[in-house]
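Here are the chains, one letter per residue:
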Amino acid sequence: MYLSVQLSCYPLKDEYKQPIWDLIARLEQTSLEVHPGRMSTEIFGEYDEVMKVLSDTMKWSFETYGKSVFVAKIMEGDRRPK
């Protein structure tokens, strides 16, 4: 099953940009298709891999940068930009 995800991260700190850039860089090192945007990052891939990457990446973010809010919209299907 293929997933399309829209992910936003809001680090709860004054210096919020670096944690977001590092999170995107980490996502881009995976096998998933990643499209960073100004307000959110779109992620595309097979269900099991997407869910594993999201779990691992959020855990890494919490351990590395502390408190953050993540907002994810997850949809079954291929919604990649054409």
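What counts as what
Residues numbered from 1 in each chain as written. Predicted model: local features only at pLDDT ≥ 70, side-chain atom pairs only at ≥ 80, totals over all residues. Heavy atoms only, no water. Salt bridge = Lys/Arg side-chain N within 4 Å of Asp/Glu carboxyl O. Helix = DSSP H or I, 4+ residues; strand = E, 2+ residues; numbered from the N terminus. Buried < 20%, exposed > 50% of the residue type's maximum accessible area, 1.4 Å probe, protein only. Expected span 1.5 Å × (residues − 1). Arc of directions from axis to C-beta. Contact = heavy atoms within 4.5 Å.

Participant: Please explain the pattern of salt bridges as it appears in this structure.
Facilitator: Two side chains carrying opposite charge are able to pair once their charged atoms lie near each other. Taken as a whole, this structure holds three salt bridges when the rule is applied. Among the ionic pairs, Glu33 bridges to Arg80, the shortest N-O distance being 3.1 Å. Within this pair, whereas Glu33 is found in strand E2 (residues 33-36), its partner Arg80 is found in the segment after strand E4 (68-76), the two being separated by 47 residues in sequence. Under the relative-accessibility criterion, Arg80 is labelled partly exposed at 31%. Between Asp78 and Arg80 there is a salt bridge; the shortest N-O distance is 2.6 Å. When its relative accessible area of 36% is taken as the criterion, Asp78 is described as partly exposed. Sharing partners across several salt bridges, the network here consists of Glu33, Asp78 and Arg80.

Participant: Teacher, can you tell me more about helix H1 (residues 17-28) here?
Facilitator: Because an α-helix completes one turn every 3.6 residues, residues spaced three or four positions apart along the sequence face the same direction. The end-to-end C-alpha distance of H1 is 17 Å, a good match for the 16 Å that 12 residues give at a rise of 1.5 Å each. Along H1, the positions that sit buried rather than exposed are Pro19, Leu23, Ile24 and Leu27. Along H1, the residues classed as buried sweep out an arc of 135° about the axis, all on the same side. The secondary structure elements touched by the buried residues of H1 are strand E1 (2-11), E2, strand E3 (41-46), helix H2 (47-65) and E4.

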